[in-house]
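So you can see what is in the structure, the chains are spelled out below.
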Amino acid sequence: MIRFFEKFGIPRVLLLGFLAVAIFMTGDGFELTFLSKYMVDQGFTAAQASGLVTVYGLFAALGGWTAGVLAEMFGARRVMMFGACWWIAVHLVFLGLALPSGVYPFILAVYAVRGIGYPLFIYSFVVLMAQYITPARLASATGFFWTCFSLGIGVFGAYLPSFIMPHFGEYKTFWFALPFSIVGTIMCFLFVPKNKVVKGEGLSTKEKLKELTDGATILFTNRKIAICAIIRIINNLLLYGFPVIMPLYLCTTKYGGINIFKTEEWMRIWGFVFVVTLIFNTFWGWFMDRFGWVWPMRWFGCGVLAVGSVAFYYIPQWFGANALMMIIASIIVGIGTCAFSCLPTIMTLEAPGKQGAALSAYNLAAGLTTFVGPGIATVLLPSIGIEGICWTYAALYVVALLLTCTLHPKQPGFDEKGHRIKETKTETAESAIAA
């Protein structure tokens, strides 16, 4: 079994770390599919419900931005532990004090600061991946990383609450997130290795601050990094935008909703997005390392998600409460979402000598997508409705498709035109031995 994972470029020393990511993100994803509906049911507006997720995303972007450089300076495991403990502590405040209070500013503030925790946990692990895995296999390993992420936040995070909620109710279901987050934290402490290199040793406070700010300033000094960051933000718009608007559209009559599915049915339909990612995150990473990084991202990522953006709205209009057709739409979204696993590799190669800053920029963009996706819904829902939001997402994926045409990274094993270089018999034998 270990040999199987090593063929994907994943060293055995990191294997249990990947599992820790999956378990921790199960806890983080528990409320994703029904929080907006819960808030509306409690008397808050849809704008307030989506605003909650939007501000959460803004703080997640802050956590993501700092994760790469902090992990390089202080050690990934230490930063992961801090992020996990932060998340658990604030989640207890959120459930025990904020939600029962019914005071929206208090709920908003507590939920927002919780958003700092999970990016510190998962994106610090990406730094370890960059240190332990060669660039030629990093896209494959990144695909597996997102498979573990999806297994947690999407599959278990969506399906487990759908079975728990009918018996315990929505509020009590929130509490079931804690055991998973605690187990993930313990696994991190026991099994995640230390950095090979800790850059912070010997640096002054001023130098450490410069390393941290490089993660943002590199977006202005390196055009290719900025383009990759914009594509990364657009990548997951549906992943964080649809859980805000689709429960309102499919499960209520508010804001133009058609109310044709129960909440738990919607959760299981959306869960198929992540079931698909379990296969395609790893597949696209493997495929891109062998057949090219950019063109699959362009057509199977941006192009497919542009179609998926509008399919989710119109399939219920055309076919009614047809769960099978909605599952097909979820599969489309899942396949497209995975086809971006080459981005962190491209960004590190486009920023020689500033790997930590490039990964921080990537993490910042990954965090911002959790802000922009719901943010679009928050701003546009009153004016253009759910249909208009779906078309807005589709238009942004077309923009991302055009931006990929400006990327021409020098991929190991490929020439400058992106064509694979044929290996000699000697190189093929050496590759087989290395694998």
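What counts and how
Residues numbered from 1 in each chain as written. Predicted model: local features only at pLDDT ≥ 70, side-chain atom pairs only at ≥ 80, totals over all residues. Heavy atoms only, no water. UniProt positions renumbered as here; feature names shortened; annotations may be inferred. Helix = DSSP H or I, 4+ residues; strand = E, 2+ residues; numbered from the N terminus. Rg over C-alpha atoms; globule rule 2.2 N^0.38 Å. Buried < 20%, exposed > 50% of the residue type's maximum accessible area, 1.4 Å probe, protein only. Contact = heavy atoms within 4.5 Å. Lys, Arg positive; Asp, Glu negative; His and termini not counted. Charge placed at Lys NZ, Arg CZ, Asp CG, Glu CD. Axes fitted to C-alpha atoms, helices over the stretch in contact; angles between N-to-C directions. Parallel < 35°, antiparallel > 145°, perpendicular 65-115°, else oblique. Phe/Tyr/Trp six-rings, centres within 6.5 Å; stacked < 30°, edge-to-face > 60°. Left-handed = near helix turned anticlockwise from the far one by under 90°. Nonpolar A, V, L, I, M, F, W, Y, C, P; charged D, E, K, R; others polar. Core = buried A, V, L, I, M, F, W, Y, C linked by side-chain atoms within 4.5 Å. Domains from an automatic or database assignment. Expected span 1.5 Å × (residues − 1). Bend = angle between axes of the 7 residues up to and from the residue. Buried area = accessible area lost by both parts, 1.4 Å probe. Polar contact = N/O pair within 3.5 Å; in protein donor to acceptor, adjacent residues only side chain to side chain.

As annotated in an unreviewed UniProt entry, the protein carries the name Cytochrome C biogenesis protein CcdA and is attributed to Bifidobacterium parmae. Note on the protein: under the UniProt heading Subcellular location (unreviewed entry), the record states "Cell membrane".

Visitor: Pulling in residues and values, what's your account of the overall build of the protein?
Guide: When helices and strands are counted, the protein shows 19 helices and zero strands. The C-alpha radius of gyration computed for the protein amounts to 21 Å, which stays within 12% of the reference 22 Å derived for 435 residues, consistent with globular compactness. Based on the C-alpha atoms only, the size of the protein along its principal axes is roughly 65 × 45 × 45 Å. In the protein, which comprises 435 residues, the share counted as buried stands at 60%. Taking as baseline every contact in the protein between residues at least 6 positions apart, the subset at least 24 positions apart corresponds to 84%. In the protein, 29 positive and 20 negative side-chain charges are present, and the distance between their average locations comes to 3 Å.

Visitor: So what's going on with the packing of helix 4 (residues 46-74) against helix 18 (residues 355-404)? Residues and values would help.
Guide: Axis separation between helix 4 and helix 18 bottoms out at 7 Å; the angle between their running directions is 175°. If you check the angle between helix 4 and helix 18, you find them roughly antiparallel.

Visitor: Run through the packing of aromatic side chains, naming residues and quoting values.
Guide: Summed over all chains, the structure comprises 40 aromatic pairs. Ring geometry for Phe 283 against Phe 287: centres 5.5 Å apart, planes inclined by 35°, an arrangement best described as tilted. A residue pair is termed a helical-turn pair when its members lie 3 or 4 positions apart in one helix, as Phe 283 and Phe 287 do in helix 14 (residues 263-291) at four residues. In this structure Phe 283 comes out as partly exposed when scored by relative accessible area, which is 30%.

Visitor: I'd like a rundown of the packing of helix 5 (residues 76-101) against helix 7 (residues 117-132), residues and numbers included.
Guide: Orientation of helix 5 relative to helix 7, taken along the N-to-C sense of each, is 160°, at an axis distance of 7 Å. It follows from the interaxial angle that helix 5 and helix 7 lie roughly antiparallel. Like other packed secondary-structure pairs, helix 5 and helix 7 cross with a definite hand, here left-handed. Packed against helix 5, whose contacting residues are Ala 76, Val 79, Met 80, Phe 82, Gly 83, Ala 84, Trp 86 and Trp 87, the element helix 7 presents Gly 117, Tyr 118, Leu 120, Phe 121, Ser 124, Phe 125 and Leu 128 at the interface. Tallied by class, residues from the contact of helix 5 with helix 7 come to twelve nonpolar, three polar and no charged.

Visitor: Run through the nonpolar core, naming residues and quoting values.
Guide: In terms of nonpolar packing, the biggest core is built from 144 residues, with Met 39, Ile 245 and Met 246 touching the most fellow members. With 18 residues, the single largest contributor to this core is helix 18. Counting residues domain by domain, this core receives three or more from each of domain 1 (1-195) and domain 2 (222-411). When residues no more than four places from it in sequence are discounted, the contact partners of Met 39 are Phe 44, Ala 49, Leu 52, Leu 99, Tyr 104 and Ile 107.

Visitor: Which residues make up helix 8 (residues 135-168), and what values go with them?
Guide: Compared with an ideal rise of 1.5 Å per residue, which puts 34 residues at 50 Å, helix 8 spans 47 Å between its outermost C-alpha atoms and is within 8% of the ideal. Considering bend angle alone, the principal kink of helix 8 is centred on Leu 151 and spans about 35°. Taken across its 34 residues, helix 8 has 25 buried, putting it largely inside the fold. Within two residues after helix 8, Gly 169 carries a phi angle of roughly 90°, on the positive side.

Visitor: Tell me about the domain arrangement of the protein, residues and numbers included.
Guide: If you check the domain split of the protein, you get domain 1 (1-195) and domain 2 (222-411). Taking only C-alpha atoms into account, the centre of domain 1 sits 18 Å from that of domain 2. In this assembly, 54 residues from domain 1 lie in contact with 52 residues from domain 2. Buried surface at the junction of domain 1 and domain 2, summed over both partners, amounts to about 4500 Å²; 67% is from carbon and sulfur atoms.

Visitor: Talk me through helix 13 (residues 237-251); I want residue IDs and the actual numbers.
Guide: The end-to-end C-alpha separation of helix 13 is 21 Å, in line with the 21 Å expected for 15 residues at 1.5 Å each. Counting buried residues along helix 13, 15 of its 15 residues qualify, which places the element largely inside the surrounding structure.

Visitor: Requested: an account of the side chain of Thr 142, with residues and values cited.
Guide: For Thr 142, the location among the structural elements is in helix 8. Judged by relative accessible area, Thr 142 falls into the buried class, the value being 6%. Not counting the four nearest positions on each side in its chain, Thr 142 is found in contact with Met 129, Ser 341 and Pro 344.

Visitor: Outline the environment of Arg 268, listing residues and values.
Guide: Secondary-structure assignment places Arg 268 in helix 14. As for Arg 268 and Pro 161, which are separated by 107 residues in sequence, their C-alpha atoms are 9.5 Å apart. Each residue touching Arg 268, except ones within four places of it in the same chain, is listed here: Tyr 159, Ser 162 and Phe 163. A polar side-chain atom of Arg 268 sits 3.1 Å from the main-chain carbonyl oxygen of Ser 162.

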